[in-house]
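# Results of the structural survey
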Amino acid sequence: IHFPPIYWFLCIICSLYYINIFALMAVIVDFLSERDGNVPISESLLSSGTTKYDHKYSIISSIIYLVAIPCVPFFGRLIDFFGKRMVFLSVSVFVMIPFNVYLCFTTWTPIPALIFAGMSYSMVASCLWPSICMVVRDEAVGTANGIATSIQMIGIGLSNLLVGFIRDRFTYTQ
């Protein structure tokens, strides 16, 4: 089966974007806790119960998904109305650069960054998956989505292994 170059570009965007989001979601609770000088939940759970863990980070970490819930159908409708999927997709992907800088290099509240990340996540979902269906032949849509999802899962799986490897050897503040 032959797919056009734009399809492979969308697969790469898909994999890199979701690596960013899902690798972060795998560690964000510990990251925020340690960044703010508290005991990470992973250490708290392993201790003898004498360590107090602040659960606000678990609540804060859900903001991306809580924002995405109402945004995905809204953004989907917006994209259906205006078109310009690649413009919206590009903006959504590039929003993640200041998001990562904000989380990594400041100790400010993560809430505004997580709200923007939730909006970006929604816009990417609303643009990316329908775009794949639009750039391949109708009889290859299932295969195209399957390959894109497999590429995405390979990337996420490998990135989580890398994040775990790094996390085992370093703290977030080093």
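Owing to the predicted nature of the structure, the values given are computational and were not obtained by experimental measurement.

## Quick look at the overall build of the protein chain
- Counting its regular elements, the protein chain contains 8 helices and 0 strands.
- Listing every helix and strand of the protein chain by position from the N terminus yields α-α-α-α-α-α-α-α.
- Looking at the protein chain residue by residue over its 174 residues, the buried ones come to 40%.
- The contacts of the protein chain with a sequence gap of at least 6 include a subset with a gap of at least 24, amounting to 79%.
- As displayed, the protein chain has an accessible area near 9800 Å², and 72% of this comes from carbon and sulfur atoms.

## Some details on the packing of helix α4 (residues 63-82) against helix α7 (residues 111-135)
- Contact geometry of α4 with α7 gives a least axis separation of 7 Å together with a crossing angle of 40°. Relative to α7, the element α4 lies oblique. Read as a crossing pair, α4 and α7 show a hand that is right-handed. Across the interface between the two elements, Ile-63, Ile-64, Tyr-65, Val-67, Ala-68, Cys-71, Val-72, Phe-75, Gly-76, Leu-78 and Ile-79 from α4 touch Ile-111, Leu-114, Ile-115, Ala-117, Gly-118, Met-119, Tyr-121, Ser-122, Met-123, Ser-126 and Cys-127 from α7.
- For the contact of α4 with α7, the residue count by class is 18 nonpolar, 4 polar and no charged.

## A closer look at the nonpolar core
- In terms of nonpolar packing, the biggest core is built from 43 residues, with Tyr-7, Tyr-18, Phe-99 and Leu-128 touching the most fellow members.
- Mapped by element, the contributors of at least two residues to this core are α1 (5-35), α3 (56-61), α4, α6 (96-105), α7 and α8 (141-169).
- Tallying contributions element by element places α1 first for this core, with 14 residues.
- In this view, Tyr-7 contacts Ile-132, Val-135, Val-136, Ala-144, Ile-147 and Ala-148; residues no more than four positions away in its chain are not counted.

## Quick word on unusual backbone geometry
- Within the chain, Lys-84 stands out as a residue other than glycine whose phi angle is a positive 55°.
- Along the chain, Lys-84 falls in the loop between α4 and α5 (85-94).
- Exposure remark for Lys-84: the relative accessible area of 59% places this residue in the exposed category.

## Digging into the pattern of salt bridges
- Scanning all chains against the criterion turns up 2 salt bridges.
- Among the salt bridges present, the one from Asp-80 reaches Arg-85, with a minimum N-O distance of 3.3 Å.
- For Glu-139, the salt bridge is made with Arg-137, and the minimal N-O distance between the two is 2.7 Å.
- Residue Glu-139 is classed as exposed on the basis of its relative accessible area, which comes to 62%.
- On the accessibility criterion, Arg-137 (45% relative accessible area) is partly exposed.

Cut-offs applied
Residues numbered from 1 in each chain as written. Predicted model: local features only at pLDDT ≥ 70, side-chain atom pairs only at ≥ 80, totals over all residues. Heavy atoms only, no water. Helix = DSSP H or I, 4+ residues; strand = E, 2+ residues; numbered from the N terminus. Buried < 20%, exposed > 50% of the residue type's maximum accessible area, 1.4 Å probe, protein only. Contact = heavy atoms within 4.5 Å. Areas by Shrake-Rupley, 256 points an atom, 1.4 Å probe, with all protein chains shown as cover. Axes fitted to C-alpha atoms, helices over the stretch in contact; angles between N-to-C directions. Parallel < 35°, antiparallel > 145°, perpendicular 65-115°, else oblique. Left-handed = near helix turned anticlockwise from the far one by under 90°. Nonpolar A, V, L, I, M, F, W, Y, C, P; charged D, E, K, R; others polar. Core = buried A, V, L, I, M, F, W, Y, C linked by side-chain atoms within 4.5 Å. Salt bridge = Lys/Arg side-chain N within 4 Å of Asp/Glu carboxyl O.

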